[in-house]
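The lines below spell out each chain.
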Amino acid sequence: GCGTTTAAACGCGCGCGCGTTTAAACGCGCGSRRLHQADTATSSNPYIPRVRDLKVHLPPPSAPTAAKNLDHVGGVVGIAMNSVLFVHEHPKEGMTWLFDNCGGHGDTYGHYHYHAPPLCLLKSLGVPVPEKGSWWKTQGADAWPLQGPEIQVGWALDGAPIMSPFKSGARVEKASLDECHGAIDEVTGEYKYYLVPTAPYMPPCLRGAQLGNVTSFRQSKDGQPCSKSHAAPMQTSIVHGGKVLSGTGCPEHAMFKKVHSGQPFGQKFTARRLHDHGCGCGSKKYGTCPAGGACGCGCGCGTSACGCGCGTTAAACG
């Protein structure tokens, strides 16, 4: 994002995926997902969360097996108790470090989802949380209390529980977990996943014998915008071979309130490249630049609105 509020200041179109030419028409700053709750019913912004008939089919939990990546399930880790999806990272899209005060944001398919520990949900469950929603970019794990309750906050796609960022009463450390952020409960023998206070915050893989699936996820962009009246407890149905969790995907808390963008605390900034513009940039080769020269790294290939085009150097862009 350009960090400005008008497209003109960016020297480019809106950039927030609205398919419009002005930032005002998007209802957000250039390159952002900032929405105003009062405007969601009438705004055409594509990031508006919409009511879904979400159904998450879960197999019975099993002993942990080899780690399975999440590419074929769209990066979905599982579902929170309020029917909002937990997402590690959307495959081939990278990570947009842009979260609201509750640790979530929307996508262009009308899904609000969490990429970070859901502060609003955790607080409602009696879990102590950082004072500021920007904790992940300003303080990191040190923003979290050293002690807190180990409470289930959701279900993983392999049927195992997902817990708060506390284990055995203490702030969880990645060193005490496996590569999928999981561990065997020493008392019950149950395998559990944990949300963690350092990036990536969600389990990056799952270890169950089989993974379930989500229906009504990224299949339609239609639907009524979410409102508080649509928030409802998740329903559970026992079926042959597992269970089905159902919900609207609309949380009980406000969305897009105080949106924060940046990189996680302590991480070096890395640019997000979604498209192959057909040119090389530094050590990353994306083919041959149409103008025959080097591509301005910060500008995008062939754009004159950035102050430079393909065939110039990044330094010329400032």
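This section reports on the structure supplied with the text. Bear in mind the structure is a predicted one, so any value in this text is a computation, not a measurement.

## Some remarks on the pattern of salt bridges
Stage number 1. Enumeration according to the criterion identifies six salt bridges in this entry.
Stage number 2. Two residues, Asp 53 and Lys 55, come together in a salt bridge whose shortest N-O distance is 2.9 Å.
Stage number 3. Two residues, Asp 178 and Arg 207, come together in a salt bridge whose shortest N-O distance is 2.8 Å. Residue Asp 178 is found in the loop between strand 10 (170-171) and strand 11 (182-184), and its partner Arg 207 is found in the loop between strand 12 (191-194) and strand 13 (213-215); the two are separated by 29 residues along the sequence.

## As for the sheet that holds strand 12
Stage number 1. With mixed pairing, eight strands are arranged side by side in an open sheet as 5-6-3-2-7-8-12-11. If you trace the sheet from one side to the other, it starts and ends with strand 5 (104-106) and strand 11, each paired once. Within this sheet the neighbouring strands show an average axis-to-axis angle of 40 degrees, counted without direction.
Stage number 2. Judged from the three bridges that link them, strand 2 (residues 76-80) and strand 7 (residues 152-156) form a sheet pairing that is antiparallel. Note on strand 7: the bridge partner recorded for Ala 80 is Gly 154.

## Some thoughts on the state of the cysteines
Stage number 1. Scanning the entire structure with this criterion turns up three disulfides.
Stage number 2. Put simply, Cys 180 and Cys 205 are joined by a disulfide, and their sulfur atoms are 1.9 Å apart. Here Cys 180 and Cys 205 share a disulfide; its torsion about the S-S bond, -110 degrees, makes the bridge left-handed. Separated by 25 residues along the polypeptide, Cys 180 in the loop between strand 10 and strand 11 and Cys 205 in the loop between strand 12 and strand 13 bring together distant segments of the chain. The exposure classification of Cys 180 matches that of Cys 205, with both residues buried.
Stage number 3. Disulfide pairing places Cys 226 opposite Cys 250 at an S-S distance of 1.9 Å. Handedness of the Cys 226-Cys 250 disulfide follows from its S-S torsion of about -70 degrees: it is left-handed. You can see Cys 226 sitting in the loop between strand 13 and strand 14 (235-239) and its partner Cys 250 sitting in the loop between strand 15 (242-247) and strand 16 (260-261), a full 24 residues away along the chain. Summarising the burial analysis for this pair, Cys 226 and Cys 250 share the class buried.

## Quick notes on the packing of aromatic side chains
Stage number 1. Scanning all chains against the criterion turns up 11 aromatic pairs.
Stage number 2. When the ring of Tyr 112 is compared with that of Tyr 114, the centres are 5.7 Å apart and the planes differ by 80 degrees; the resulting orientation is edge-to-face. For the residue pair Tyr 112 and Tyr 114, the accessibility class agrees, reading buried in each case.
Stage number 3. Judged by centre distance (5.4 Å) and plane angle (90 degrees), the ring pair of Trp 135 and Trp 144 falls under edge-to-face. The exposure classification of Trp 135 matches that of Trp 144, with both residues buried.
Stage number 4. Among the aromatic side chains, those forming a connected cluster through ring pairs are Trp 97, Phe 99, Trp 135, Trp 136, Trp 144, Phe 166 and Tyr 201.

Rules used throughout
- Residues numbered from 1 in each chain as written.
- Predicted model: local features only at pLDDT ≥ 70, side-chain atom pairs only at ≥ 80, totals over all residues.
- Heavy atoms only, no water.
- Salt bridge = Lys/Arg side-chain N within 4 Å of Asp/Glu carboxyl O.
- Helix = DSSP H or I, 4+ residues; strand = E, 2+ residues; numbered from the N terminus.
- Pairing = 2+ DSSP bridges.
- Axes fitted to C-alpha atoms, helices over the stretch in contact; angles between N-to-C directions.
- Disulfide = S-S within 2.5 Å.
- Buried < 20%, exposed > 50% of the residue type's maximum accessible area, 1.4 Å probe, protein only.
- Phe/Tyr/Trp six-rings, centres within 6.5 Å; stacked < 30°, edge-to-face > 60°.

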